[in-house]
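Summary of the model geometry
Listed below, chain by chain, are the residues.
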Amino acid sequence: MDFLFLLLPIALGTLAGIITGLISGIHTNTIAAILVALYFMPGFQEIDSVYFILFVASMAITNTFFDIFPSLFLGIPSSEVYALLPGHRMVKEGHGYEALSISASGSFMGFFTAILICLAVMIVDYLTSFNLIESMYNAVKDHIFWILLAIIVVLII
């Protein structure tokens, strides 16, 4: 694969992430479902799946940075319930730019932390014969149902 061909789905995914982030009602999952449907149509199966993965990953990452705009500035609830979300409270008090910068810095720190964790796992895998991901999977694979059930219960509560 040529490096420049990898940049095209990343650029298109970034553009799609900006669009899905700024326009309420269009979600990255919708675009990903459309891509899955397209993948099984004639003519699309010749395209390497890495391009689809790069597109969806870059779209999802970009969306996390841009979806705060409509939720902060267009989704402000009425005055009796605005205390529920700190970002909306900050916008109503005139601190919208601060709420936006806090959200952007939080998204950036989450992205940066994820990159550092991925790099650390890759370095451990490369420098040692210990496969960290495989060993973690083997440790939890028999208990994954209970782990997911606990997560679902916590989210519902």
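Below you will find a few notes about this structure. (Residues numbered from 1 in each chain as written. Predicted model: local features only at pLDDT ≥ 70, side-chain atom pairs only at ≥ 80, totals over all residues. Heavy atoms only, no water.)

1. Some details on the nonpolar core
Quick reminder of the rule: Residues belong to a common nonpolar core when they are buried Ala, Val, Leu, Ile, Met, Phe, Trp, Tyr or Cys residues joined through side-chain atoms within 4.5 Å. Exposure is judged per residue with a 1.4 Å probe applied to protein chains only, and the accessible area is read against the type maximum: over 50% gives exposed, under 20% gives buried, and values in between give partly exposed. For helices the rule is a DSSP run of H or I covering at least 4 residues; for strands it is a run of E covering at least 2, with both sets numbered from the N terminus onward.
Core analysis: the largest hydrophobic core is formed by six residues, namely Ile68, Leu72, Met90, Val91, Ala99 and Leu100. For this core, the secondary-structure elements that each account for two or more residues are helix H4 (68-73), helix H5 (86-92) and helix H6 (96-127). Grouped together as the second largest cluster of nonpolar side chains are five residues, Ala16, Phe52, Phe55 and Met59 included.

2. Comments concerning a nonpolar patch on the surface
This is how the line gets drawn: Patches were defined on residues exceeding 30% relative accessible area and lacking a salt bridge, with like-charge contacts within 9 Å and nonpolar side-chain contacts (Val, Leu, Ile, Met, Phe, Trp, Tyr) within 5 Å. In short, Shrake-Rupley with a 1.4 Å probe defines the accessible areas, and a residue's cover is counted only from the protein chains shown. Throughout this description, the term salt bridge denotes a Lys or Arg side-chain nitrogen within 4 Å of a carboxyl oxygen of Asp or Glu.
A cluster of nonpolar side chains, namely Ile61, Phe108, Met109, Phe111, Phe112, Ile115, Leu116, Leu119, Met122, Ile123, Tyr126 and Leu127, defines an oily patch on the protein surface of about 1,200 Å² accessible area. A total of 11 residues in the nonpolar patch trace back to one element, the largest contributor, which is H6. Along the chain, Phe111 falls in helix H6. Its relative accessible area of 32% is what places Phe111 among the partly exposed residues.

3. With respect to the layout of surface pockets
Applied cut-off: Here a cavity is any set of points on a 1 Å grid over the protein atoms alone where a 1.4 Å probe fits but cannot get out, and a pocket is any open set with protein on both sides within 12 Å along at least 5 of 7 lines; a residue lines the site when it has an atom within 4 Å of a point. Grid points are joined across faces, edges and corners, and a volume is the space filled by probe spheres set on the points. Side-chain classes are defined by residue name, with Ala, Val, Leu, Ile, Met, Phe, Trp, Tyr, Cys and Pro counting as nonpolar, Asp, Glu, Lys and Arg as charged, and the others, Gly among them, as polar.
Empty space within the largest pocket amounts to approximately 310 Å³. For the largest pocket, the lining is made up of 16 residues, of which Pro9, Leu12, Leu35, Phe52 and Phe55 are closest to its centre. The set of elements that each furnish at least two residues to the lining of the largest pocket consists of helix H1 (3-22), helix H2 (28-39) and helix H3 (49-66). By residue number, the principal contributor to the lining of the largest pocket is H1, which donates seven residues. Of the residues in the lining of the largest pocket, the class split is 15 nonpolar, one polar and no charged.

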